[in-house]
Amino acid sequence: MESRGLTLTLGPSDDRRRPLALTPREDLLGFIGSYLGRAVLFLITGTSVLAVLLILLFVILRSVPFLRDFGVGEFLTSRAWRPTADEPVFGALTLIVGSLYVSIAALLFAVPVGILAAVFLSDIVSWKIRNVAKPVVEILAAIPSVAYGFFAVLVLAPWMQRRFGFSTGTNALNASVILAIMALPTIISVAEDAISALGRELREASYSLGATRLETMTKVVIPAAHSGIIAAVVLGMMRAIGETMVVWMASGNATQIPHPWWDLSQSIRTMTATIAGEMGEAPEGGAHRSALFAVGVVLLLMTFVLNIVSEYFLSRAKKAAGKS
Amino acid sequence: MQKMLISALLFSLLVGGSVQAQTLQIEGSTTVGPIADAFAEYFKRVYPDLNITVKKTGSGDGAAALADGRCDIATMSRFMKDKEFKDAVGNGVYPVAHVVAMDGVCVVVHPSNPVGALTTAQIRDIYAGKITNWSQVGGPSMPIVVISRDTSSGTYETFDEIVMAKQPMGPGVEYVNANPQAHARVKTTQGAIGYVGIGFLDREVKAIMVDQVAPNRQTIASGVYPVARPLFLFTNGYPKLGSMVHRFCAFYLTEKGQELVEAKGFVPLTAY
């Protein structure tokens, strides 16, 4: 077998030497070409937008009959989720609270660590180390979540039971810790970008006023990059709230709201885990299935709001970076 | 090398063209799955041209797939519900049940737990959240961690019907989505109680007596053990004599079939 390498021409091509003025023929071709290009691009962009809209429409339409029959109020406020009982009850409150509960707890772990890591990568270590460390952190995001889930069930859960004397190891704490690890790459990466994007002048001005490195970090750099950091946190939260496999495996899936509320050692259940776990056997056309779609709508709305919030802060971060 | 490849290709075309490939689609219960898999494995060896697939999506999916004509055999760890029958008949499918084996839903606890027997009423109260500490049933003072299969599983439905008598489970019950997971949770949690099919019993968990009956082959096959249930294959009508579906559904009656059922940890119905 002969293998012939591809010949690649790098550097300026012959196009550069062409005159700027176009012949009428070229002009026409260029005109058609540019319109064709635009049409193709528009088609591709339009398809993805359409796909999102269709998914939204599909999920909402499938849940409407259920919400009409069962009542939005009861769906959102009842704590009982008994989909297969003879008289089924679909109260999603515990699921909504469960999702928020683990996501927020995960952020409490991930945000301090994430911001410190971002500061460390952007301002403290050398560029060489940063250029190795940042991709490595980002690889954390590429580990399949089922692998994290296995770790949670087989290693973390028994360990927590032994170490802290919890009665059960698959609980809110377990799920939150794993979610925190999974949200870290997003938080570190985006926050690091935001901090790096700040100009040198800001830091130099601070140092010239006699501020120490710690003061510069906490009083100048982090406040100046706050929009980007908030965007990082919101993106991390989206990652945590939408995660399915890990919470399904690690959280215990008990439909309860922890009591007392700060007790992370109790099992909880999230919206995503409920959908994933029950969609398989919820019969088509039944109330159970459309109830799951209704849960999906709540989840979609929550991520939608978070998305808008993160977009807002990201655009502010970009503006701030542009000004300095 | 190339010549060999081409001749192999031609040969397979000739063979493939002359012999009509037979297909057998099996879908349903995750509990019956291992039996169906073992049967399918055996059938593939005996009938090399047979194209056989086993999907393990759950008893409810099996019933739906049979009703929609998406499978030849539905495996189910429970009997069909009235509604599923109606749906099937509405589509012109007439489900017929074949019992292939018995399965016991065994109540298991951590091996270190001194509690060795409970009544169905006690188990029901534990799952309903009325009994929350092992000391209430003669064990050490230790909170009970209650583990159940998720509500879509056939094992759950058996347990729900026989033990719970349809009384709702308490809010603190943890749900896991497969037998091995239930087993793993009980194995690693001192205060845990759970339930698994008899095929998943081993030394790492302790099966307790229910109403003074220990779960074993005799008590389950005879139905003395309170939480025993038959496992089913459902077909559309009685399978035609000599057809592949018929051979598959009758296979458990053979000595080899019985061996496979036993090897997968279930209790055969035939007595050789």
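Residues numbered from 1 in each chain as written. Chains lettered and ligands numbered in written order. Predicted model: local features only at pLDDT ≥ 70, side-chain atom pairs only at ≥ 80, totals over all residues. Heavy atoms only, no water.

Quick look at the pairing of strand β8 (residues 192–197) of chain B now. All names here are of chain B. Counted residue by residue, β8 has six buried out of six residues, so it is predominantly covered. Of the pairings in the sheet, the one linking strand β6 (residues 145–149) to β8 comprises two bridges and is parallel in character. Following the sheet pairing, V145 is matched in β8 by A192. (Buried < 20%, exposed > 50% of the residue type's maximum accessible area, 1.4 Å probe, protein only. Helix = DSSP H or I, 4+ residues; strand = E, 2+ residues; numbered from the N terminus. Pairing = 2+ DSSP bridges.)

This part takes up the environment of F151 of chain A. Residue and element names in this part refer to chain A. Checked against the element boundaries, F151 lands in helix α5 (residues 145–164). We classify F151 as partly exposed; its relative accessible area is 39%. Once the C-alpha coordinates of F151 and I178 are considered, the two residues, 27 residues apart in sequence, prove to be 8.9 Å apart. In contact with F151, other than residues within four places in its own chain, are L156 and I178. (Contact = heavy atoms within 4.5 Å.)

To continue, consider the nonpolar core. Formed by 68 residues in total, the largest nonpolar core has its most connected members in F75 and M271 of chain A. No other element matches the 15 residues that helix α6 (residues 172–197) of chain A contributes to this core. When near neighbours in sequence (up to four residues on either side) are disregarded, F75 of chain A contacts F66, L67, F70, F90, G91, A92, L93, A291, A294, V295 and V298 of chain A. Grouped together as the second largest cluster of nonpolar side chains are 35 residues, I126, V137, I220 and V227 of chain B included. (Core = buried A, V, L, I, M, F, W, Y, C linked by side-chain atoms within 4.5 Å.)

A separate point is the environment of S148 of chain B. All names here are of chain B. You can see S148 is positioned in strand β6. Classification of S148 by relative accessible area gives buried; the value is 1%. Placed 42 residues apart in sequence, S148 and C106 show a C-alpha to C-alpha distance of 12 Å. Here S148 is in contact with Y127, Y156, M169, V173, E174, Y175, V176 and Y195, once residues within four sequence places are set aside. Side chain to side chain, S148 and Y195 meet in a polar contact 2.9 Å long. (Polar contact = N/O pair within 3.5 Å; in protein donor to acceptor, adjacent residues only side chain to side chain.)

This brings us to helix α7 (residues 179–188) of chain B. The complete set of buried residues in α7 of chain B reads N179, A182, H183, A184, R185 and V186 of chain B. Where α7 of chain B is buried, its residues meet α5 of chain A together with β4 (95–109), β6, α6 (154–162), β7 (174–176) and β8 of chain B.

The subject of this paragraph is the UniProt feature "transmembrane region" (unreviewed entry) in chain A. Residues and elements named next belong to chain A. Mapped onto this structure's residue numbering, the UniProt feature "transmembrane region" (unreviewed entry) falls at residues 39–61, 100–124, 136–157, 177–199, 220–241 and 291–314. Counting secondary structure, residues 177–199 comes out at 91% helix and 0% strand; the distance between its end C-alpha atoms is 34 Å. The span residues 220–241 shows a helical share of 95% and a strand share of 0%, and its end C-alpha atoms are spaced 31 Å apart. (UniProt positions renumbered as here; feature names shortened; annotations may be inferred.)

Here we come to the interface of chain B and chain A. Reports of interface size often rely on the accessible area that becomes lost once the parts have come together. Across the contact, 25 residues belong to chain B and 24 residues belong to chain A. With both sides pooled, the region where chain B packs onto chain A buries about 1,900 Å², and carbon together with sulfur makes up 47% of that total. At the surface where chain B touches chain A, the tally comes to zero salt bridges. Where chain B meets chain A, there are ten residue pairs in polar contact (both at pLDDT 80 or more). Of all the secondary-structure elements, those providing two or more residues to the side of chain B that touches chain A are α3 (59–67), β7 and α7 of chain B. (Buried area = accessible area lost by both parts, 1.4 Å probe. Salt bridge = Lys/Arg side-chain N within 4 Å of Asp/Glu carboxyl O.)

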